[in-house]
Structures are given as C-alpha cells and as structure tokens.
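As a plain string of letters, each chain reads:
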Amino acid sequence: MSGRRLALLAGLPLLVVLVLPVVGLVAGTGPAELRAALAAPDTRAALGLSLRTTALATALLVAGGTPLAWWLSRGRHPRVVAAVQLPVVLPPAVMGVALLETFGRHGLLGAPLAAAGLSLPFSRAAVVLAQLVVAAPLYVLTAQAAFRGVSEDALLVARTLGRGPLGAWTAVALPAALPGLVGGAALAWARALGEFGATLLFAGNLPGRTRTLPLAIYAAMERDLAEARAVAVLLVAVALALLVGLRLLATREDADG
Amino acid sequence: MAEPALEIRARLALGGAAMAVDLSAPAGPVALVGPNGAGKTTLLRLLAGGLRPEAGRVVAGGRVLVDTAAGTALPPEARGVGYLPQHHELFPHLTALDNVAFGVPGGDRSARRGRARAWLERLGLAHLADRRPRRLSGGERQKVALARALAAEPRLLLLDEPTAALDVTARPAVRALLAAELRAPGRVAVVVTHDLRELLAWRPHLVLVEAGRVVAAGPCAELARRRDHPFLAELFAPLGDRA
C-alpha cells in the first residue's frame, strides 16, 4: 500500500466524523418541515437578521482587518498575532462575558458610552460586535498569510515603474493577495453566521431583535425538535452557499490566463 | 578620469550587518561581482530606492538620488529605474503582456501594450503574451521580467543576474541584446553577474564586493589579469594566460 493511501486510510475516520452529522441532519429533515420553518415569521426574522448582521460584521472586519493584516505581514509581531488569535483559544462564552464587562453599563467603557447616549448590550450592534470579534482571527490571519506572499522586491519594482506607495499597494499587493483575502472573508463570514455563545451573553436572545439563526435553533429546541432541525438545515444551506459562492469567485479570478 | 557616471558613498545598517560602500565608476556598464551575501543585491536596492543609507550620497548619471547631508532622497518612482530582481517578481495577477506594459511610459493603454508586445517579440516571447506568470517556466519568467525592466526605458537599469535562469542556448541572444541596452545613451546600467562570457562581451567596469565593502574595482580586462585576489582568480581562471 502506498504512503498516500495509508495517510487517507488513517484520516478517514476523522473525515467521517466531520461529514456524517451534517448528512444525518439533512437526511432527517423533510421538505415539508423545511417549508414550514421558512414560512414561520420567527425563522424569517432570524434569517434576515443573521444575513444583515453578518454582512455588516464581515464588511467591518475586511475594512479594519486588511490594513492590520498588511502591517502584520511586513514584520515580526508575535504579541500582536497572539492578541489576534485570542478569540480562537477563548470560548465564545468567555468573549461574551468579556464584551459585557467592557461595553456593558458597569463595564470598562460603560460610563463614557452612557454619556454619549449609547447602550450596546442586547442590541443589534452587540450582535455585530460579537460576530466581528469571534470571526476576526479567521480573516486577519488568512489575509496576513496571503500578504506574506507579496515580497518587498515586488513592491519595489512597482514603485520603480512609477507608482507611489499607495499606488504600488493597490496595483500589486492587493490583487496578488486577493484570492487569500476572499477565502479569509468567506471563512470569517461563515464563522460569524454560526456565532452563538458570545451573542447569547452579550446581545441576548430577543426575538426579532438579537435572535440570529443559531439562537433561533436554540430557542426552537425548547419547543419542537423538528423546527430546530429545519432551522439548522437552513443555516447549513446559507453557510454552504456562502463558502461555495466566494470560493467560485476566488478561483474564477485565478483560473484564466 | 571624466566625471564619474555612478558614485556611491554610503553607510548602511541592515539589522546587525553593516555596509560601508565607496564606489565610483565611469560611463558604461558596471558589473558587481562577489560572494553570496556580500551585498550586491543590497546595492541594487539602494540604487532603486528600496532602502535608505544611514548616511551618504548616491549620484547616478549626474542626478543626486540620495544625499543624507542635504536631507534629500528621490523616491523610487522618481528615479527612472528599470529593476530586474533576483526572483523576477512578476505580478502574479497580470499576464506577461500586462506585466511588461505596467511600466511603459507615456501614451494610452493600447500604445503602451503595443510597445510591451514589441519587447516581448524582441525576447522571443510573443506567443506567451497572454499567459500568467504561474504558467511560465523559470527562464520565461526571467525574460518577461527583463522585458518589463527594459520597456520602462529606464535611465538607471538594475539587473540582478539577468540570465541566471536561462538555459545556455537561450543566453547568447539575451547577452547580445543587453550588450546594446547596457550602453544605451544617457543610461547608467548596473548588473550583477558571474557569467564570464557576459563579462567578456559587455566589458564593464568591474566592482568586486566582499562583506559589504568594495575591495577591488577597475576595467574588466584589468581585473581579469589580477591573480592576487582569490575571488577574481577563480572567476577568470578559465581564461588561463589569455587574460
């Protein structure tokens, strides 16, 4: 037996454990159940909220994470990298408590926020913030790796050929790293879509206001397993569509020429 | 000696390693030779504007590129440089043609692409114009990057081992093309090479760099006769007593 086959054989059980639950979920849900769930106003509200908040969280993440990732890629900053990785190693529930202790009424920034007339906890802004924080490492670290592929000499060549610092960056660094940036954004978006723990603790589970799809599953579990299953399948479909769609976008960019 | 075409007097700090360069060369191509890590590529980057000296002055073709005492440093985009780096650094998202067209000066887009295509033709690459770098061989990439540097019609041409990735049959044509390009009017050309045929064909002002310093410099024919320096002796050994 070849080494490659042996590796696949050894990894197969893990692959099965990863894929089987999704198969079980989808197989156990009939189209009628799915239609009923989609027709329910609660589910629609949760779906709409999830799509809007995750789109905003991803957009904010790309806007702030791209320059941060570029800066990280240009040098060695192990402590900053560790800080960015923090949400990966901390449980989302811990992030939720931490957000509350920072932006809550009695939190670190509670007084100045209150003075400005802002109250974050249990609001839609809190939903977005929780998603942003837990998804950030996926985008920033992927983007950093993509930017690492852009050498100083490539930028220097672009500069010598007439581009200023920003011009060289937009003409060379950004397009060269784009497939990686798109991939990172897709991962981050999917993670934001699935965000549960931090949202529950920091934003609550208020129907129509902060109840995203994962929280809708949680709420439905208390009433009716079939409904929870249907919403879960819906979430799988949205996440898959997102991943596949963005991947297609990235590879189409990459395939020609 | 007439006014030197290239003058570098600079002290550089490179994260621990230090360089102190004192170099003066007459008009005509300049070839940098020396062991790995001696600082040849660093000198090219200094000329291109990719790094600044701690202190010093760099003059090329009568233009002051850097003068730390006067507080002046031309940015890379104002130096009129054509730079072929060691690892080619083609832009991965652009076709070969658009890589070459990237730095073609003046004109509209189609005029620039027309001139880029002419450069690809001169290097025998016209059939690869629409390929991305990922689908080019190492030698093809090097030629495209060379075309990109030349198409910029640079006043300062900087080539880091321009034929290192080419197979021996592809070298003579590039060698002949560069023999003319290195001596283009109004141009200062600095090339890193250890190819003896190139040195003999281009007859450059030779500069030997070792451990961040210029340790020998002069006309190529003169340095080829020197047997007192181990690096030069080895470089020119194939010439035997003909040198």
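Residues numbered from 1 in each chain as written. Chains lettered and ligands numbered in written order. Predicted model: local features only at pLDDT ≥ 70, side-chain atom pairs only at ≥ 80, totals over all residues. Heavy atoms only, no water.

*Asks:* Looking at this structure, I do not really get the overall build of chain B. What am I missing?
*Replies:* A count of helical and extended segments in chain B gives 8 helices and 11 strands. Projected onto its principal axes, the C-alpha positions of chain B cover 50 × 50 × 35 Å. For chain B, the proportion of its 243 residues judged to be buried stands at 53%. Of all intrachain contacts in chain B linking residues separated by at least 6 positions in sequence, the fraction that spans at least 24 positions is 60%. About 10700 Å² of surface is accessible on chain B, with carbon and sulfur atoms providing 50% of the total. Put simply, chain B has 33 plus and 24 minus side-chain charges, and the middle of one group is 4 Å from the middle of the other. (Helix = DSSP H or I, 4+ residues; strand = E, 2+ residues; numbered from the N terminus. Buried < 20%, exposed > 50% of the residue type's maximum accessible area, 1.4 Å probe, protein only. Contact = heavy atoms within 4.5 Å. Areas by Shrake-Rupley, 256 points an atom, 1.4 Å probe, with all protein chains shown as cover. Lys, Arg positive; Asp, Glu negative; His and termini not counted. Charge placed at Lys NZ, Arg CZ, Asp CG, Glu CD.)

*Asks:* What's the story with the interface of chain A and chain B in this structure? I'm lost.
*Replies:* Accessible area lost upon the coming together of the parts serves often as the stated size of an interface. Taken together, the contacts link 21 residues of chain A with 23 residues of chain B. When chain A packs against chain B, the two sides together hide about 1900 Å² of surface, and 60% of this comes from carbon and sulfur. At the junction of chain A and chain B, the tally comes to 2 salt bridges. For A:Asp153, the salt bridge identified is with B:Arg45, shortest N-O distance 3.0 Å. Taken together, chain A and chain B are joined by 6 residue pairs in polar contact (both at pLDDT 80 or more). When contributions to the side of chain A that touches chain B are tallied by element, the ones reaching two or more residues are α8 (152-160), α9 (165-194) and α12 (225-255) of chain A. Residue composition of the side of chain A that touches chain B, grouped by class: 10 nonpolar, 5 polar and 6 charged. (Buried area = accessible area lost by both parts, 1.4 Å probe. Salt bridge = Lys/Arg side-chain N within 4 Å of Asp/Glu carboxyl O. Polar contact = N/O pair within 3.5 Å; in protein donor to acceptor, adjacent residues only side chain to side chain. Nonpolar A, V, L, I, M, F, W, Y, C, P; charged D, E, K, R; others polar.)

*Asks:* Before we go on, may I ask you to explain the pattern of salt bridges in this structure?
*Replies:* Pairs can form between side chains of opposite charge whenever their charged atoms are close. In the structure shown here, the tally under the stated rule is 16 salt bridges over all chains. Here A:Glu152 makes a salt bridge to A:Arg74, at a shortest N to O gap of 2.9 Å. Here A:Glu152 is found in helix α8, whereas its partner A:Arg74 is found in the loop between α3 (41-73) and α4 (78-89), with 78 residues between them in sequence. On the accessibility criterion, A:Arg74 (28% relative accessible area) is partly exposed. A salt bridge links B:Glu7 to B:Arg9; the shortest N-O distance between them is 2.6 Å.

*Asks:* Would you mind showing me how to read the nonpolar core here?
*Replies:* In summary, soluble globular proteins display a tendency toward joint burial of nonpolar side chains. By size, the foremost hydrophobic cluster in this structure holds 81 residues, and its most contacted members are B:Leu6, B:Ile8, B:Leu23, B:Leu32, B:Leu43, B:Leu47 and B:Leu158. Ranked by residue count, the leading element in this core is helix α7 (residues 124-148) of chain A, at 15 residues. Ignoring any residue separated from it by four or fewer positions in sequence, one finds B:Leu6 in contact with B:Leu23, B:Ser24, B:Ala25, B:Val30, B:Leu47, B:Val59, B:Ala60, B:Val188 and B:Val190. Counting residues in hydrophobic clusters, the runner-up holds 47 residues, among them B:Leu90, B:Leu123, B:Ala149 and B:Cys220. (Core = buried A, V, L, I, M, F, W, Y, C linked by side-chain atoms within 4.5 Å.)

*Asks:* What should I look at first to understand the environment of B:Pro26 in this one?
*Replies:* All names here are of chain B. Considering the arrangement of structural elements, one finds Pro26 in the loop between β2 (17-25) and β3 (30-33). By relative accessible area, which is 25% here, Pro26 ends up partly exposed. Along the backbone, Pro26 and Asp130 are 104 residues apart, and their C-alpha atoms lie at a distance of 40 Å.

*Asks:* Is there a simple way to explain the domain arrangement of chain B in this structure?
*Replies:* All names here are of chain B. Looking at chain B, the domain boundaries give domain 1 (6-80 + 154-239) and domain 2 (93-148). On a C-alpha basis, the centres of domain 1 and domain 2 stand 25 Å from each other. Both faces considered, domain 1 and domain 2 share a buried interface measuring about 720 Å² in area, 69% of it formed by carbon and sulfur atoms. Taken as a group, Ala165, Leu166 and Leu177 account for 52% of the area that domain 1 buries against domain 2, more than any other trio of residues on that side. The interface formed by domain 1 and domain 2 contains 1 salt bridge. The salt bridge partner of Glu181 is Arg122, with a shortest N-O separation of 3.8 Å. (Domains from an automatic or database assignment.)

*Asks:* Just checking my understanding: could you explain unusual backbone geometry for this structure?
*Replies:* In terms of backbone geometry, most residues other than glycine have negative phi values and most peptide bonds are trans. A positive phi angle, close to 60 degrees, is found at A:Phe122, a residue other than glycine. Despite not being glycine, B:Glu153 has its phi angle at roughly 45 degrees, a positive value. You can see B:Glu153 is positioned in the loop between α4 (138-151) and β8 (156-160).

*Asks:* Hey, could you run me through a nonpolar patch on the surface in this one?
*Replies:* Taken together, the side chains of A:Leu8, A:Leu9, A:Leu12, A:Leu14, A:Leu15, A:Val16, A:Leu18, A:Val19, A:Leu20 and A:Val23 present a nonpolar region at the surface, about 930 Å² in accessible area. With respect to the helices, strands and loops of the structure, A:Leu18 is situated in helix α1 (residues 3-27). (Patch = residues over 30% accessible without salt bridge, like charges linked within 9 Å, V, L, I, M, F, W, Y side chains within 5 Å.)

*Asks:* Can you walk me through helix α5 (residues 171-181) of chain B in this structure?
*Replies:* Residue and element names in this part refer to chain B. Those residues of α5 lying buried are Arg171, Val174, Arg175, Leu177, Leu178 and Glu181. For α5, the angular spread of the buried residues around the axis is 165 degrees, confining them to a single face. What points out from α5, more than 90 degrees from its buried face, is the exposed set Ala173 and Ala180. Structurally, α5 contributes buried residues whose contacts are with α3 (109-122), α4, β8 and α6 (196-202). (Arc of directions from axis to C-beta.)

*Asks:* What exactly am I supposed to notice about the packing of aromatic side chains here?
*Replies:* Given two aromatic rings, one states the distance between the centres and the angle between the planes to describe the pair. One pass over the structure, following the stated rule, counts 6 aromatic pairs over all chains. Ring centres 6.0 Å apart and planes at 80 degrees place the aromatic pair A:Trp70 and A:Trp169 in the edge-to-face group. Of this pair, A:Trp70 sits in helix α3 while A:Trp169 sits in helix α9, and the two are 99 residues apart along the sequence. Pair check on accessibility: A:Trp70 and A:Trp169 agree, each one buried. Consider the rings of B:Phe91 and B:Phe102, whose centres lie 4.7 Å apart with planes at 55 degrees: the pair is tilted. You can see B:Phe91 sitting in the loop between β7 (81-84) and α2 (96-101) and its partner B:Phe102 sitting in the loop between α2 and α3, a full 11 residues away along the chain. Each member of the pair, B:Phe91 together with B:Phe102, is buried. Joined through ring pairs, the aromatic side chains of A:Trp70, A:Phe147 and A:Trp169 make up one cluster. Taking the ring centre of B:Phe102 as reference, the NZ or CZ of A:Arg163 above it sits at 3.9 Å. Above the ring of B:Phe91, the side-chain terminus of B:Arg148 is found at 4.6 Å from the ring centroid. (Phe/Tyr/Trp six-rings, centres within 6.5 Å; stacked < 30°, edge-to-face > 60°. Lys NZ or Arg CZ within 6 Å of the ring centre and 35° of its normal.)

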